[in-house]
Amino acid sequence: MGTLVLLRHGESDWNAKNLFTGWVDVALTDKGTAEARRGGALLVEHDLLPDVLYTSLLRRAITTANLALDAADRHWIPVKRDWRLNERHYGALQGKNKAETKAEFGEDQFMLWRRSYDTPPPQIAVGSEFSQDVDPRYADLDSVPMTECLKDVVERLIPYFETEIAADLRAGRTVLVAAHGNSIRALVKHLDGISDEAIAGVNIPTGIPLRYDLTDDGGVLRPVTVGGEYLDPEAAAAGAAAVAGQGK
Ligand SMILES: O=C(O)[C@@H](CO)OP(=O)(O)O
């Protein structure tokens, strides 16, 4: 059975500015670029060289994967990109400052929008500067999301994981998935069997590969180690705590 490596993109411009990002296609900061290269160096150090890459359609994940694979001399592997790996669409919150949103709506509403399993933020307006309704990369979708909660991400992503990504894992490949805080939370929730309530407490750090060795348990892929293993556990704990604290 193959190995799954989940990599959240390096710090983005909007992470640095503390803005809700979602499907807005922002670039990496210099720090994010360095994180991505270090992610690739960690793959080499742990002898975890990917055979195939999956990314979202957003440049912060695509660029992170390119930099990491370049650092690992694996820039040549096959690539599959899919919108299902995109960040959770943050609706009308896209482009808004997290601290200002918390101050305006209060901690409870802020956390409900940010970390509840099934309460989406208000929909973004059609034609808004931060909406993706006319973005050509989504032209094949029946409808482009106008907001999403984590449950929506699970519902769009897990069927894709179970078919496309799982096929590569079952073929024994090392699969790198370069994605986002909330699309990785959806995958981790599924793999580790985390409850709808407990997933609120799981935060994914930027740029640190998270390794899952998997076994096939009667047709279901299960992690050998629940929670997987970050290739730099100390940095991962600090990074996850920083994500949890956003909005302060
Ligand atoms: O803004 C976003 O798109 C995400 C990830 O950066 O934020 P949060 O961690 O608040 O869900």
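Residues numbered from 1 in each chain as written. Predicted model: local features only at pLDDT ≥ 70, side-chain atom pairs only at ≥ 80, totals over all residues. Heavy atoms only, no water.

1. Description of the overall build of the protein
- Helix and strand counts for the protein come out as eight helices and seven strands.
- Over its C-alpha atoms the protein spans a radius of gyration of 17 Å, differing by no more than 12% from the 18 Å that the globule rule assigns to 248 residues.
- C-alpha extents for the protein along the principal axes are approximately 45 × 40 × 35 Å.
- Counting over 248 residues, the protein shows a buried share of 56%.
- Considering only contacts in the protein between residues 6 or more positions apart, those separated by 24 or more positions represent 77%.
- Within the structure as shown, the protein displays about 10,600 Å² of accessible surface, and the carbon and sulfur contribution to it stands at 50%.
- Distance between charge centroids for the protein: 2 Å, based on 27 positive and 37 negative side chains. (Helix = DSSP H or I, 4+ residues; strand = E, 2+ residues; numbered from the N terminus. Rg over C-alpha atoms; globule rule 2.2 N^0.38 Å. Buried < 20%, exposed > 50% of the residue type's maximum accessible area, 1.4 Å probe, protein only. Contact = heavy atoms within 4.5 Å. Areas by Shrake-Rupley, 256 points an atom, 1.4 Å probe, with all protein chains shown as cover. Lys, Arg positive; Asp, Glu negative; His and termini not counted. Charge placed at Lys NZ, Arg CZ, Asp CG, Glu CD.)

2. Observations concerning the UniProt feature "active site" (unreviewed entry) in the protein
- Using the residue numbers shown here, the UniProt feature "active site" (unreviewed entry) corresponds to H9 and E87. Annotated residues spanning 79 residues; largest pairwise C-alpha distance 10.5 Å, indicating a single compact cluster.
- Considering the arrangement of structural elements, one finds H9 in the loop between strand 1 (3–8) and helix 1 (13–16).
- With relative accessibility at 2%, the residue H9 sits in the buried group.
- Discounting chain neighbours no more than four positions away, the residues touching H9 are N15, L28, R60, A61, T64, A179, H180, T206 and G207.
- When you line up the elements, E87 lands in the loop between strand 3 (79–81) and helix 4 (98–105).
- The contact partners of E87, leaving out residues within four places of it in the chain, are G22, W23, L58, R60, E148, R156, H180, G181, N182 and S183. (UniProt positions renumbered as here; feature names shortened; annotations may be inferred.)

3. Some points on unusual backbone geometry
- A positive phi angle is found at N18, which is not glycine, with a value near 60°.
- A relative accessible area of 16% places N18 in the buried class.
- Phi at D47 takes a positive value of approximately 55°, unusual for a residue other than glycine.
- Here D47 lies in the loop between helix 2 (30–45) and strand 2 (52–55).

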